[in-house]
Structures are given as C-alpha cells and as structure tokens.
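Architecture at a glance
Chain by chain, the residues:
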Amino acid sequence: MMTAALISNKPEFVKLFLENGVRLKEFVTWDTLLYLYQNLDPSCLFHSKLQKVLAEEPERPVCTPPAPRVQMHHVAQVLRELLGDFTQPLYPRPRTGDRPRLLLPVPNIKLNVQGVSLRSLYKRSPGHVAFTMDPVRDLLIWAIIQNRRELAEIIWAQSQDCIAAALACSKILKELSKEEEDTDSLEEMLALADEYEHRAIGVFTECHRKDEDRAQKLLTRVSEAWGKTTCLQLALEAKDMKFVSHGGVQAFLTKVWWGQLCVDNGLWRVIVCMLAFPLLYTGLISFRERRLQAGPGLPRVRAFFNAPVVIFHLNILSYFAFLCLFAYVLMVDFQPTPSCCEYLIYFWLFSLVCEELRQLFYDPDEFGLMKMALLYFSDFWNKLDIGAILLFIAGLTCRLIPALLYPGRIILSLDFIMFCLRLMHIFTISKTLGPKIIIVKRMMKDVFFFLFLLAVWVVSFGVAKQAILIHNESRVDWIFRGVVYQSYLTIFGQMPAYIDGVNFSLDQCSPNGTDPYKPKCPESDAVRHEPAFPEWLTVILLCLYLLFTNILLLNLLIAMFNYTFQQVQEHTDQIWKFQRHDLIEEYQGRPPAPPPFILLSHLHLFIKRVVLKIPARRRKQLKSKLEKNEEAALLSWEIYLKESYLQNQQYQQKQRPEQKIQDIGNKVSTMVDLLEMESLKRSGSMEQRLASLEEQEFLFSGRSKSHGEPRWAVTLHLPAAQVAQTSRALHWVMKALRDGGFGSEEGIPAPAPQKASEGQDLEPDGRQEEEDVGDTHHVNARHLLYPNSHVTRFPVPNEKVPWETAFLIYDPPFYTDDRKDRGLVDPVGNALEPLSGISYNAVDGPIDRRSFHGVYVVQDGLPLNPMGRTGLRGRGSLGCFGPNHTLQPVITRWRRNQDGAICRKSIKKMLEVLVVKHSLSEHWALPGGSREPGEILPRKLKQVLRREFWSSFQNLLTQGTEVYRGYVDDPRNTDNAWIETVAISIHFSDQSDMDLKRLNSHLHACDPGMSVRWQVVDRRIPLYANHKTILQKVATLYGAFY
C-alpha cells in the first residue's frame, strides 16, 4: 500500500501511513528502492538520463543469470552527475552475486525522532566501498527527481541531515532544469529549488540563533549520507547565493579569513605588523585564543603569518612589487644582455609557476589528476595566469635570441597587460569593487555579441565605399584600412577623405597605387582633375551608416550595459558574499610566504610529499569529519531545531490572510451543512407531529381531514425558515471576506430576531459585556480633566467627534505646557509666527512629523487630530505639534513552574511581560515611550537597562515582530498634538536563551523611584488601557492566555 501510494503520487496517503506507525527504516529496503526506480514516471527527465546510462552499459554474457536492467549503481551514476563530481557515489557497484545488506556497526546511542533511528545513518556494504543508506534520503531523492513537491515536502520533514538534504535537493533541481525543455516544468523546478534553499536558510537560522559554534560545525561537517560532502560545498556548487550570503555563513567565512586573529582587529594594525613584525610582541594585535594572547612570541608570530588575511596582503604587496619591477625593466633596463633586475623577474616568475603547479596538483580529497585539472581550468583567473605565464615564456624565448630581441620586448609588453589584468582578482575581496568586476565580466559578453551586429554594418559600408571610390586596389593592407579601419573610425567622428569630393587633392594620394605610404586615388577625371564618383550616393551611404551605427547600435549597446548593471546591482551584496568564498578558500590553503620567498615553502612541501611520502591533509576549517557520537548528537540537535522551524512555518501559514479566509470559509461551510441538516430534521419531526394531531382532530371531530395546512403549521415551520435565513447570512459573510472585506450592505439578509437570552456571552461575574460597536472614536483623549493640570476640556459627544460633523458651538481652550526641555519641544503659546517654521507631513529636521494614518489636515497653521475633536487645542504636555512618535517594546517570555514546564490556563500557555512602574503612579507600563531625536531606544527603557546592553537590545528590536502601528488613545492627546506608536514584540520562547539571560542580568533601575519586574499576562493586570490593548495583540499572536 505504501509503495502504491508513492508511485501513484498520493501524498495524503503517505502522510497518513507515516502518522500511523509506518517506519521508513523497515519499509525502505534495497528491493523497494529498485522497484521504485524501475517504476519512475516515463515523462520525467531523470528517467531519460537513466535510460542513457543503461544504453551505455556493456552487454552481459549469456552464461550469467539475468538481472534487472536498473541497478542502484546506475542511479548513483546519474545522481553524481547532478550533485557534482566532488561527491562520492551514493550507492556502490555491488560485486557479482552480492546484494548489499543493512549491517549496522553503530555507537551505543539510541536516538529516535519521528520513527527514523539515527542508527540507520551508519551502514556498510559487504564490499570494500563504505556507503550509507538513509531511507529518508533515498525516498527524498526519488521524489525530487520527479518534481513531486508535496511528497518531497512530507519526506523532507522526516529527514535527519535536513540542511544538507535541502541544499542537495536545490542542486539536483537546478541541474535538471538546465536540460528541461518544457517551460512550465522548468519554472516549477526552479521554484522548488528556491523553496528548498529557503528551507535550508530557515533551519540554519534557527541553529545559528541557538548556538553559533554548532551551526558552523553543520556547515563543515562531512555528510556521509550525501557523498562525503559538506553543506557549504553543496551550497557553493548549487550557486545558492542566498544561503551563502546568510549572516551565519559569512561570520564563519570571516572567522576563517582572520585565522586565529580576532575579527575586530583593524586592517591598519595588520599592515603595520606585516611591515614591522616585532610590534606583535606589544599586544597591538589581539588573538582569539588566550594562550596566544598571553603566551610566548614565536607561536604568536606563526599564528599571525598563517592567517589568510595576512597571507593575502603579503601577496598583494609582492605582486605590486613584481609589476613595478617588470615595468622598470621594460621601459628603462631592457638590455641585450639581461640585467640583475631582469634575472630577478625570471626568478620571481619561476616562483609563480611553482605556485600554480602546487594548486594544480593539490588533491587532498583524492579526486585524481584529471578531475583536479578540470577544476583548475574551470576558473577564469587560472586560465589568465596560465596565459600570462605562457606568453612570458614566448617573449623570453624571443628575447634571448639576438635577432628577435625587439619582437621579444613587444611580446613581454603585451604580457605586462595580462599581469595587470590579474589585479582584478585581488579586488574581489572588496565589497565595493568586487561586484563591479562581475559587471565588467558580464558586459564583456554583451560586447562580444554586439560586435556581430556591428561587423555587419562596418563590412557592408566599407566594401561599398571602397568599391565606389577606389578602382582595383591590389594592396591588402590598404584594402583592410579602407574597408574595416576607416569604417570603424567613422563611428567615432573621423570622416573618410574624398567621400564628398570637397578635400580632393592628387598630392595626398597615389594615382596608380604605387606609393606604399599613400592610398590609391579615387575615381577622377584625368582632364579636369575632379572626382568622377557619384558624390550624392556616397554622402547618402555615409548618413545611413552613421544613423544606424551611432544612433541605433551604440544606444543598443548602452541599453544592454544598463540592463546588465541593473541586474547585478540588485544582488550586489549576495554576489560579493558568494564570490568572497573562493578567495578565502584559496588563501586559506596557500603557503604563508609571498613570492619569490614562497619557493622555500614549495621546497618544504616537496620534501614532505615526494621524499617523505606524507599525504596531503584538508584544512579542518572548511571540511571536518566528526566522531560518530558527536555527529549523532549534532544531528539530533539539528532535528530538534528543524521541528521548531516547521512549527513556525505552520503558524505563519495560518496567520496569512488567505489562509484565514480559507479556514473561515471551511468553518462557514460546515456550519451551513449542520444547520441545513438540523432544519431538515426539525421539519421532518414537525410534519410527523402535525400528521398525528390532524389524525386526532379527525377522530374527535368526526369530520374529514382538511385539505389546507393547519394554522399552527406556520409557526412550526418558522425555525426552518430562520435556519435558511441564517445560512444565507453566513454565505454573505463568506463572500464579503473573499472580496477583501468590501461588500454592499443592501444584499445583507437580516437574520430573524432571537430571544435575548439565547447566545449571550456573559462575563465571569455574570454581567454581559456592553460594547458600543459604532463607537470607534477616541475616549481617553476626551476626559474632561487634562492630566497633571487644572485645564478642563470642552465636552465633545460621540457624534461630534469627527471633523466632518458640524459643531458650531465648539470652542475648546488652548493649552501648552511649559516644559523644562525647551530645546527639544515646539514653541509655547498660540501665536502663529513661532510656529510658521514647522513643516508638517514631512521630516522636520530631527523630528518626523509624518503620520501612520496618511496626510493630516493643517488648519490655521496647526495640524488637526486625524481621529477627531478632543475638546482641547494646543499641544498640551506633549513635545511637538502633530504626531508624537513613540516605541513600545513588548518583551515576553513563557511563565514556567519550578520544573521548567510552561504554565497553562484554560488550555492556553501563559505569558510574562516585562513592565515598569514609577512610585507616583498606580499603574504599571510597558518599558517604552518617546525617544530622543536620532536615538533608537526609548528614554524609559534606557532607565532600566545598563548602557552596555543597549546595542544588543537594538539588535533584538530589529529581529522582533511588529504587532501594532498607529494612533494611541491617550489622555494627553489634543486637537493639534497626538501620540502614535509602534509596538514590537520581543519573545523569548526558550528559558535558556542567552539573550534572555543577558537581559535579566542587565536589568537595573537607575531611578530609585522606578520598579521593573516580570508580570503575568492577564486581563486584570494593573496596566494602562492603551498598553493593555497592545498586550492583548501580543497574546493573540502567540496563542497565549489573556
């Protein structure tokens, strides 16, 4: 049944089987995998690739027993083409008569997650080739190669090495999309590849938030299940730029780039210590390890010069010195007999050749010479290096022959250009110049294709011009000049001579074409010495040529350049971070000494590899193999965080408006069906009772049954009509929701009235909660007594709050508090002259006077409250006219008991919120409020946090979730000044979160009259009313009790 559900692509059945105890470890066997691959969808691209591999398989001898055509080593061969040659085969080629069995030599660890044991990760074939058989991996690959999205999603949720699995899926799909001819299938594959890249990013983000060191181990851990590769290598081969540009990956690359040095060392310190290494003993450079920081000098010097950042800058200085010496020899000291400086260049170049050979033969992963050669020459910069070296050897050969001294100098001069172009590779580490180099490389491709179009016009015009003007030119060099060279220069404004007959002169040309330094004269009259060619025709040809080349083609080239620039500029940061890895990896494995001193390192390497036969070792920072116990623990931690990621994704999916509408639609449809069934039951029961009453009446009255419907039948049928009417009302609600909340009230069917006692929602104290649904105006802002003053507001009834409603007797008093911080507030008084310099609905200096509710009205030089009248003019005790922006961070955590379990009430989890309170106030408040101009944190929050934690809390704010943005119904609001806030939720779901521990350790009330504490979230909490509204939104966000 499970196999049939997989082959027929029934993800619901597969999910049902997994939820009801089907264990993939027991289900996926070698025979099952063979059967699945033998029943691949014939339309999928992988099936055709597998058939090509089978077609290349040699024929089996007749005496050997028949075997199934598709074998797992055939599948492994195709998968290796898709994943890349850097991976090992996922399934080995079995020996004759052998079939791999599942032997489990594993450590004494029993970890079981979702029915798949980690013990299944370590398996060995009976042959000599070690392999792993992970059932989830095998089914995931089978689903991915057929582009079955839902099935692959279910299986990936069961995976163990989930980050590597997601990146491998992305790589497989991108490789398959390159050969897919169907456009729809191609787009689906790329979309699915992007989805799995986002899943890898999501899980890695969860891991990086919890533990940076463990997350970095996941990047460099050798995954036995995926061909002995790493997550980082998979992401690079798949060109998953978003994953590589993740902050956690970049932090790891920066750590590798700086070696054992601290990453906060300034670059100027590194350069100074490079030039004067004794400064290392002064503590100018800081190291990550304490033993290096406080230890003896020699290990410190060794650690400094082995850092890739130091090796990189040493090579830059060396390369610049080489170019300067090369230029000096070419321009000043190029003698028939090589000078000392020239011999030094030869020695220097020899060291560069040795380094290129080391890179070519460096094979720590035992890929083989052919594979390493392919990898080496796949890099553009390596090709440029080889070209420059070969050109130098050619120039040197000519230079050493006395007769070819000058051609040798020319070749070496051209070679100098190639060595200078090599400098661009050095600039890839720069965040500013690196993406620009990518733009230049792509623009070169644009120019290459543009030259084909340009060549058509240049050659056509040149040949026509040459044939019209010149008769039988036999000199090849002058034909090339007339056809190509002069036509090309015409584009840039150098007009050809004689084309219009104005500058015709026999002194500037050769009549018979015998002078090698002069062009042949155009067609002319020998008697009158005037041009005989049709001038009107040549002028028309020239105008048309300039029209198409100068205006059309050159502008087309500019447009192509602009498109390329915009395309790269949108992803500048990702491109730079992605290409940064190649340079870091190159210098992380390069010897510390720069050329020409690198020859000493090469000599040492030659002795170790050739003489002593010591094998090469991979740097552990980019690829490391963990112990099985450590790997099992790391994978179990990754699985735990993957579950957390999936739960967050499900929650976010439920919070989407489309999903909410769909859920409401399902509920409404269910309610309608139930109501219709109930109405049918009631009507059937009433009809039976009616028939019985009529029969009794007939028996008592002794007359025949009336053919009309009894009088009480109308009342008995009323519930059914009411149910039908309710059903139509619910359908209208559903339609309004689907239309985005806009609907006409004319079509609303009015439900029948019910008794007041039915359906009432009573409060716990037995009283019904009274709500005026139509009263959406501010209430607190209309309290008669303005806070902290003796000013009384003008009474404003509900119906007169909107400014659109006429209120002829409205005469509110004007009040502006005279605050102490006059430099930070608007002027006092109702005079318009001091207020004329205020710019409303804009950023006015350090004050943002824009409203979240759009553009507000300014009347008589003062802004009007967008929510309506308040009964008081002026700015009151607020700081400025118009919106006063505040920030309310809502810091929450789960309430836990002594055992660490989350407390619950009414099935829902309980929250705790961080609140503050002044000694003169009766209410607690959220630790937010107004901010100083240019500051991020509110003043109230700074009073309860130590200064050293301010920057860390700013990072928490950027990672938080915004729960509200808009107007606040505050008693301090007036007609001309009001408060608008942004509420950001910062939730700590894990009690062992390091940020939570640091926050608790840095809580400190600077003011003795201020208190700070964690308060249980409840509707009865003594909190300000507007803060309660925000807190209720946060509780709803996390599904917590309120």
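Parameters and conventions
Residues numbered from 1 in each chain as written. Predicted model: local features only at pLDDT ≥ 70, side-chain atom pairs only at ≥ 80, totals over all residues. Heavy atoms only, no water. Salt bridge = Lys/Arg side-chain N within 4 Å of Asp/Glu carboxyl O. Helix = DSSP H or I, 4+ residues; strand = E, 2+ residues; numbered from the N terminus. Buried < 20%, exposed > 50% of the residue type's maximum accessible area, 1.4 Å probe, protein only. Polar contact = N/O pair within 3.5 Å; in protein donor to acceptor, adjacent residues only side chain to side chain. Contact = heavy atoms within 4.5 Å. Expected span 1.5 Å × (residues − 1). UniProt positions renumbered as here; feature names shortened; annotations may be inferred. Phe/Tyr/Trp six-rings, centres within 6.5 Å; stacked < 30°, edge-to-face > 60°. Lys NZ or Arg CZ within 6 Å of the ring centre and 35° of its normal.

This part covers the pattern of salt bridges. The full count for this structure, using the stated rule, is 31 salt bridges. The partner of E630 in a salt bridge is K217, and the shortest N-O contact between them spans 2.8 Å. You can see E630 sitting in helix α29 (residues 628-655) and its partner K217 sitting in helix α11 (residues 212-220), a full 413 residues away along the chain. Judged by relative accessible area, E630 falls into the partly exposed class, the value being 33%. The partly exposed category is assigned to K217, whose relative accessible area is 37%. One continuous salt-bridge network, built from bridges that share partners, spans R149, E153, E195 and R199.

Note on placement: S177 falls in helix α9 (residues 162-179). Residue S177 is classed as buried on the basis of its relative accessible area of 8%. A polar atom in the side chain of S177 sits 2.6 Å from the backbone oxygen of K174. Not counting the four nearest positions on each side in its chain, S177 is found in contact with L186, M189 and L190.

Attention now goes to unusual backbone geometry. Cis peptide bonds are those with omega within 30 degrees of zero, and the linkage from P595 to P596 qualifies with 0°. Checked against the element boundaries, P596 lands in the loop between α27 (572-588) and α28 (598-611). With phi around 55°, K228 is a residue other than glycine that occupies positive phi space. Structurally, K228 can be placed in the loop between α11 and α12 (231-237). Its relative accessible area of 37% is what places K228 among the partly exposed residues.

Before going further, it helps to spend a moment on helix α21 (residues 380-400). For α21, spanning 21 residues, the distance from its first C-alpha to its last is 30 Å, which sits close to the expected 30 Å at 1.5 Å a residue. Restricting attention to buried positions, one finds in α21 the residues W381, N382, L384, D385, A388, I389, F392, G395, C398 and R399. Those residues of α21 hidden inside the fold are in contact with α18 (308-331), α19 (340-361), α20 (369-377), α22 (405-421), α23 (423-426) and α24 (433-469).

The feature "transmembrane region" (unreviewed entry), as annotated in UniProt, sits at residues 266-287, 308-331, 383-404, 447-468 and 536-558 in this numbering. Note that residues 266-287 is 41% helix and 0% strand, and that its end C-alpha atoms are spaced 12 Å apart. Each end of residues 536-558 is marked by a C-alpha atom, and these two atoms are 32 Å apart; helix forms 100% of the span and strand 0%.

With that settled, consider the packing of aromatic side chains. Within the structure shown, the criterion is met by 30 aromatic pairs. Summarising the aromatic geometry, the rings of W156 and Y196 are spaced 6.5 Å apart at their centres and angled 80° between planes, so their arrangement reads as edge-to-face. With W156 in helix α8 (residues 149-156) and Y196 in helix α10 (residues 183-210), the pair connects residues that are 40 residues apart, well separated along the chain. By relative accessible area, which is 1% here, W156 ends up buried. For Y196, a relative accessible area of 0% corresponds to the buried category. Residues F304 and F305 carry aromatic rings whose centres are separated by 5.0 Å and whose planes lie at 90° to one another, so their mutual orientation is edge-to-face. Members of the aromatic cluster, joined through ring pairs, are Y319, F322, F326, Y343, Y346, W348, F392, F416 and F419. Seen from the ring of W894, K909 lies directly overhead, with NZ or CZ sitting 5.1 Å from the centre. It is K942 that lies over the ring of W950; its NZ or CZ is 4.9 Å from the centre.

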